[in-house]
Structure formats: C-alpha cells, structure tokens
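Chain by chain, the residues:
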Amino acid sequence: MRTETEPYDLHILVCTNQKEKGASCGPKGGQEIVDHLKAWVKEQKFKGRVRVNKSGCLGKCESGIACVAYPKGEWVIEAKPSDLPAIEQWILGNSP
Ligand code: FES
C-alpha cells in the first residue's frame, strides 16, 4: 500500500445512488449530471486536471442531488439537471 496526494486539481463526486426506499439522488438525475459534466470537462480541455466521478450515497439523500469537490471539500446540494450551467460555473470557480 502507498498513499498519494490528490492527483487532480479538482475532483468532483456526484451521487447517483438509487435506494429502494426513500429519497435518493439517482432518480433525481444524478447520472445525467455526471454524463453532462464528463463531456463538458473534456470540451473544456480540463481532462487530466479535473475529474468527475459518480459516487454512491454521500449522506445527503433528502437534499440530493449531492455533489462534492475536492480538495476544498465544497458541496453542492439540491442540484438538478437544470442547474448544470450553474454547476459549470461552480467548477470554473473552483478550478485552480
Ligand atoms: S442517495 Fe445521494 S446522498 Fe444519499
């Protein structure tokens, strides 16, 4: 085993979890946000510096869709696919 510091300038996790019962991010459009952001990051030529991954439950199910960006650890909650332009601005604001 070895440890490594953050290999990306910005690493964004977007919850796509689908629970059988109760609120969850998947049915609200989590995967749609991931798919869009991955394509957008590639278009912006951020590939290799900004990484977008889908994640399991981030513990904010009632206020999902939940996203978090590291290394700052800043969260976006209550995100919707219609918020994608604002999420792109959030990413631009967090990109070193
Ligand atoms: S299901 Fe998305 S935060 Fe729990």
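What comes next is a walk through the structure. Remember, predicted model here, so these are calculated numbers, not experimental data.

With respect to the pairing of strand 2 (residues 50–55)
Sheet topology places strand 1 (residues 10–15) next to strand 2; six bridges connect them, and they run parallel. Paired with Leu-13 across the strands is Asn-53, a residue of strand 2. Since strand 1 and strand 2 lie parallel, the crossover through helix 1 (residues 30–43) that links them has a hand, and here it is right-handed.

Describing the packing of helix 1 against helix 2 (residues 84–94)
Viewed as axis vectors pointing N to C, helix 1 and helix 2 meet at an angle of 50 degrees, and their least axial separation amounts to 11 Å. Put simply, helix 1 runs oblique to helix 2. The two elements helix 1 and helix 2 cross, and the hand of that crossing is right-handed. Contacts between helix 1 and helix 2 involve Ile-33, His-36, Leu-37 and Trp-40 on the former and, on the latter, Leu-84, Ile-87, Glu-88, Ile-91 and Leu-92.

Some words on the pattern of salt bridges
Summed over the entire model, instances satisfying the criterion amount to three salt bridges. In this structure, Arg-49 and Asp-9 form a salt bridge, with 3.8 Å as the shortest nitrogen-oxygen distance. Separated by 40 residues along the polypeptide, Arg-49 in the loop between helix 1 and strand 2 and Asp-9 in the segment before strand 1 bring together distant segments of the chain.

Some points on the side chain of His-11
Of note, His-11 is situated in strand 1. A residue is classified by how much of its surface remains accessible, and His-11, at 18% relative accessible area, is buried. A polar contact is formed between the side chain of His-11 and the side chain of Asn-53, at a distance of 2.7 Å. Each residue touching His-11, except ones within four places of it in the same chain, is listed here: Glu-6, Arg-51, Asn-53, Val-68, Ala-69 and Tyr-70.

Conventions adopted
Residues numbered from 1 in each chain as written. Predicted model: local features only at pLDDT ≥ 70, side-chain atom pairs only at ≥ 80, totals over all residues. Heavy atoms only, no water. Pairing = 2+ DSSP bridges. Helix = DSSP H or I, 4+ residues; strand = E, 2+ residues; numbered from the N terminus. Right-handed = clockwise from strand over helix to strand, strands pointing away. Axes fitted to C-alpha atoms, helices over the stretch in contact; angles between N-to-C directions. Parallel < 35°, antiparallel > 145°, perpendicular 65-115°, else oblique. Left-handed = near helix turned anticlockwise from the far one by under 90°. Contact = heavy atoms within 4.5 Å. Salt bridge = Lys/Arg side-chain N within 4 Å of Asp/Glu carboxyl O. Buried < 20%, exposed > 50% of the residue type's maximum accessible area, 1.4 Å probe, protein only. Polar contact = N/O pair within 3.5 Å; in protein donor to acceptor, adjacent residues only side chain to side chain.

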